[in-house]
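Chains, contacts and geometry: an overview
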Amino acid sequence: MVQLPWANWNGAAMPLTDITVSVLDRGFLFGDGIYEVLRIYGGRPFLLREHFQRLRRSLKEIRIEADVERIEQRMHDTLRESGVQSGLVYIQVTRGAASRTHRFPDPPVAPNELIYVDAIELDPYEPFRNGGAKLLTVDDVRWGRCDIKSVNLLANCLAAQAAFEAGCLEALLVDRDGTITEGSHTSIFGVHNGRIMVTPMGPHILPGITRGLMVKLADRAGVEIVEGRLQRSALADLDEMFLTGTTAEVLPVTEVDGRAIADGRPGPVTQRLVAAYAAYLRDWLAE
Ligand code: PDD
């Protein structure tokens, strides 16, 4: 049995807590890096292809050259060595350690690649799966490229903390024009007249992998799904609301800013999608 979280640091396998990183790492100094989080079910990474596609894209968008195939191989090795059945994988790639200049190091330095696997023993979302979650709206003060899964998460951290201090599970980020973009670490969906509404993809949101699966599952379940900008002012008209994410999976939202969504109970469309997610997972585990 290895010590969890079990990690791989630039090719070397070790417990996560044994890793030491240069303070000149550009992830540390500038937030100059990207990351991915995958769920492990039954000892296997869920939605692997999709997560690695997004990882590649994030790297390309910020011009870090890393060997993604090697990262993937190391991830599989780390997972196997860890023995984790139910958990998550965290992958982070930064532009590496070099003397502090804003422009990229010249000559380039090797990226710093971190992979770790940890078990999920207690699902923090479990208490909210039946009754639903309360959310708090917070101004979306992030940068203009939220489609890149960058490790610059200060605005997300501040939003999540504000939600926590208000007794809420998650923050709902609201643009200057009153549009809800997404959660601090989740994608958001509204349901109105039996139709699901989801924020259109673009630079203002992360292309959520679970969001992508939801679009597919809604389609299969015969629930109409349309792209549309959800306004904070229109929350009172919603019949249902739910959020999705790698760790949150599909979770009903029953209250925003102290006001109930419809009757304040998880609705039938959300419940159908929770069931569709569980069925999809069951089938995948049986493959
Ligand atoms: N967060 N939006 C943001 C801003 C996120 O950070 C995340 C994921 C999502 C959901 O994306 P996905 O379905 O691919 O997990 C949406 C991860 C889990 C995190 O930061 O821990």
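Going by the structure above, here's the rest.
Below or above, wherever it landed, is the structure these notes cover. What you see is a predicted model; the values in this text were computed from it and never measured.

Right, let's talk about the site of the ligand for a bit. Around the ligand sit 18 residues in total, of which Tyr35, Glu182, Ile209, Thr210 and Thr246 are the nearest. Here a nitrogen atom of the ligand and a backbone polar atom of His185 are 3.4 Å apart. Between the ligand and Thr246, the relevant distance is 2.5 Å, taken from an oxygen atom to a side-chain nitrogen or oxygen of the residue. Here the residues of the shell around the ligand are counted per class, giving 4 nonpolar, 10 polar and 4 charged.

The next subject is the packing of helix α5 (residues 209-220) against helix α6 (residues 268-286). Two elements in contact, α5 and α6, have axes whose closest approach is 10 Å; the angle formed by their N-to-C orientations is 105 degrees. It follows that α5 is roughly perpendicular to α6 by the angle criterion. Contacts between α5 and α6 involve Thr210, Leu213, Met214, Lys216, Leu217, Ala218 and Arg220 from the former and Leu273, Ala276, Tyr277 and Tyr280 from the latter. In terms of residue class, the contact of α5 with α6 is made up of 8 nonpolar, 1 polar and 2 charged.

This part takes up the packing of aromatic side chains. According to the stated counting rule, one finds 7 aromatic pairs in the structure shown. Their ring planes at 65 degrees and their centres at 6.1 Å tell us that Phe46 and Tyr280 sit as a pair that is edge-to-face. With Phe46 in the loop between β4 (44-45) and α2 (48-61) and Tyr280 in helix α6, this residue pair connects regions lying 234 residues apart in the sequence. Assessed through its relative accessible area of 18%, Tyr280 is described here as buried.

Turning our eyes to something else, we now look at the nonpolar core. Judged by nonpolar contacts, the single largest core of 22 residues is most densely connected at Phe46, Ile196, Met214, Leu217, Phe242, Leu273 and Tyr277. A per-element tally of this core places α6 first, with 7 residues. Non-local contacts of Phe242, meaning those with residues more than four positions away in its chain, are made with Ser187, Ile188, Phe189, Val191, Ile196, Met214, Val250, Leu251, Pro252, Val253, Thr270 and Leu273. Formed by 20 residues, the second largest nonpolar core is a distinct cluster that contains Leu48, Ile71, Ile91 and Ile115.

Below, the discussion takes up the pattern of salt bridges. For the structure on display, the rule yields 20 salt bridges. Ionic pairing is found between Glu113 and Arg70, a salt bridge with its closest N-O pair at 3.8 Å. Remark: Arg70 occurs in helix α3 (residues 68-82) and Glu113 occurs in strand β6 (residues 112-119); sequence separation between them is 43 residues. Judged by its relative accessible area of 5%, Glu113 falls in the buried class. Ionic pairing is found between Asp263 and Arg265, a salt bridge with its closest N-O pair at 3.4 Å. Overall, the relative accessible area of 52% leaves Asp263 in the exposed class.

Quick notes on the rules
- Residues numbered from 1 in each chain as written.
- Predicted model: local features only at pLDDT ≥ 70, side-chain atom pairs only at ≥ 80, totals over all residues.
- Heavy atoms only, no water.
- Near = heavy atom within 4 Å.
- Polar contact = N/O pair within 3.5 Å; in protein donor to acceptor, adjacent residues only side chain to side chain.
- Nonpolar A, V, L, I, M, F, W, Y, C, P; charged D, E, K, R; others polar.
- Axes fitted to C-alpha atoms, helices over the stretch in contact; angles between N-to-C directions.
- Helix = DSSP H or I, 4+ residues; strand = E, 2+ residues; numbered from the N terminus.
- Parallel < 35°, antiparallel > 145°, perpendicular 65-115°, else oblique.
- Contact = heavy atoms within 4.5 Å.
- Phe/Tyr/Trp six-rings, centres within 6.5 Å; stacked < 30°, edge-to-face > 60°.
- Buried < 20%, exposed > 50% of the residue type's maximum accessible area, 1.4 Å probe, protein only.
- Core = buried A, V, L, I, M, F, W, Y, C linked by side-chain atoms within 4.5 Å.
- Salt bridge = Lys/Arg side-chain N within 4 Å of Asp/Glu carboxyl O.

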